Amino acid sequence: MSTPSDPPFAGEDHERHVGRAIELAREAGDRGDGPFGTVLVRDDEVVLEARNREVTDDDLAEHPELSLARRATREFDAETRAEITMYTSTEPCPMCAAGTAYAGLGGVVYSVSGARLGELRDGPEGIPCGEVFERLGREIPVHGPVLAEEGEAVHREYGAISDD
């Protein structure tokens, strides 16, 4: 696991960007999708954002992390993608982590880890995105949790986890 001072994290406001991802997660939850949101940041400025759309689009692959990784490959060259950090309300699942790796994004910062979400749901623990990156031979720094209480709260608000 990297530290926040490692590139591409240097100079970025983690709490502001994770906070925006959590806002997007609430918007997704408000319309009936799972509460997940993501922003892509370059030079401390949001360049793209997305909300979960699995239910809205009836497409199990419409996770915001994968959607943004795909958009980034269409909208930015490889050098620019390497300078982009993904900020997300919840650590990317293995599908999204693979998309992030193949897109060549420069880093990931999350609020709630997959392991913590699994623990809160009394379900299986997620595979850490850093492990997916490593297995794919990609060196992508990962940092989290950031604003963990706020990230867990959004899952509670939309019934994704219980208060027990």
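Parameters and conventions
Residues numbered from 1 in each chain as written. Predicted model: local features only at pLDDT ≥ 70, side-chain atom pairs only at ≥ 80, totals over all residues. Heavy atoms only, no water. Buried < 20%, exposed > 50% of the residue type's maximum accessible area, 1.4 Å probe, protein only. Helix = DSSP H or I, 4+ residues; strand = E, 2+ residues; numbered from the N terminus. Axes fitted to C-alpha atoms, helices over the stretch in contact; angles between N-to-C directions. Parallel < 35°, antiparallel > 145°, perpendicular 65-115°, else oblique. Left-handed = near helix turned anticlockwise from the far one by under 90°. Contact = heavy atoms within 4.5 Å. Nonpolar A, V, L, I, M, F, W, Y, C, P; charged D, E, K, R; others polar. Salt bridge = Lys/Arg side-chain N within 4 Å of Asp/Glu carboxyl O. UniProt positions renumbered as here; feature names shortened; annotations may be inferred. Pairing = 2+ DSSP bridges.

An unreviewed UniProt entry annotates the protein as Nucleoside deaminase of Salinirubrum litoreum.

## Side note on unusual backbone geometry
The amide bond that connects glycine 144 to the next residue, proline 145, takes the cis arrangement and shows omega of 5°. At aspartate 58, a position not held by glycine, the phi torsion is positive, near 50°. Look at aspartate 58 and you get exposed, because its relative accessible area is 74%. A positive phi angle is found at aspartate 122, which is not glycine, with a value near 55°. Within the secondary structure layout, aspartate 122 lies in the loop between helix 5 (114-120) and helix 6 (129-135). Residue classification places aspartate 122 among the exposed positions, given a relative accessible area of 73%.

## Focus on the packing of helix 2 (residues 64-75) against helix 4 (residues 94-103)
It is the contact of helix 2 with helix 4, at a shortest axis distance of 8 Å, that shows an interaxial angle of 15°. By the criterion of interaxial angle, the relationship of helix 2 to helix 4 is roughly parallel. Crossing angle aside, the handedness with which helix 2 passes helix 4 is left-handed. Contacts from Glu65, Leu66, Ala69 and Thr73 in helix 2 reach Met95, Cys96, Gly99, Thr100 and Ala103 in helix 4. Looking at the contact of helix 2 with helix 4, its residues break down into five nonpolar, three polar and one charged.

## A word on the pattern of salt bridges
It is possible for side chains bearing opposite charge to pair when their charged atoms get close. Under the criterion given, the structure shown has 16 salt bridges. Linking arginine 16 and aspartate 13 is a salt bridge whose minimum nitrogen-to-oxygen distance equals 3.6 Å. Residue classification places aspartate 13 among the partly exposed residues on the basis of a relative accessible area of 34%. Ionic contacts of the salt-bridge type, sharing partners, join the residues Arg20, Glu23, Glu27, Glu49 and Arg51 into one network.

## Observations regarding the UniProt feature "domain: CMP/dCMP-type deaminase" (unreviewed entry) in the protein
The residues that UniProt annotates with the feature "domain: CMP/dCMP-type deaminase" (unreviewed entry) are residues 12-125. With 44% helix and 22% strand, residues 12-125 has end C-alpha atoms that lie 29 Å from one another.

## Some words on the sheet that holds strand 3 (residues 85-90)
An order of 2-1-3-4-5 is seen for the five strands of this open sheet, with the pairing classed as mixed. Here the strands that pair on one side only, and so sit at the sheet edges, are strand 2 (45-51) and strand 5 (142-143). The pairing of strand 1 (residues 37-42) with strand 2 spans six bridges and is antiparallel. Along strand 2, the bridge assignment pairs glycine 37 with arginine 51. On the sheet, helix 2 packs against strand 1, strand 2 and strand 3 and is oriented at approximately 130° with respect to strand 2.

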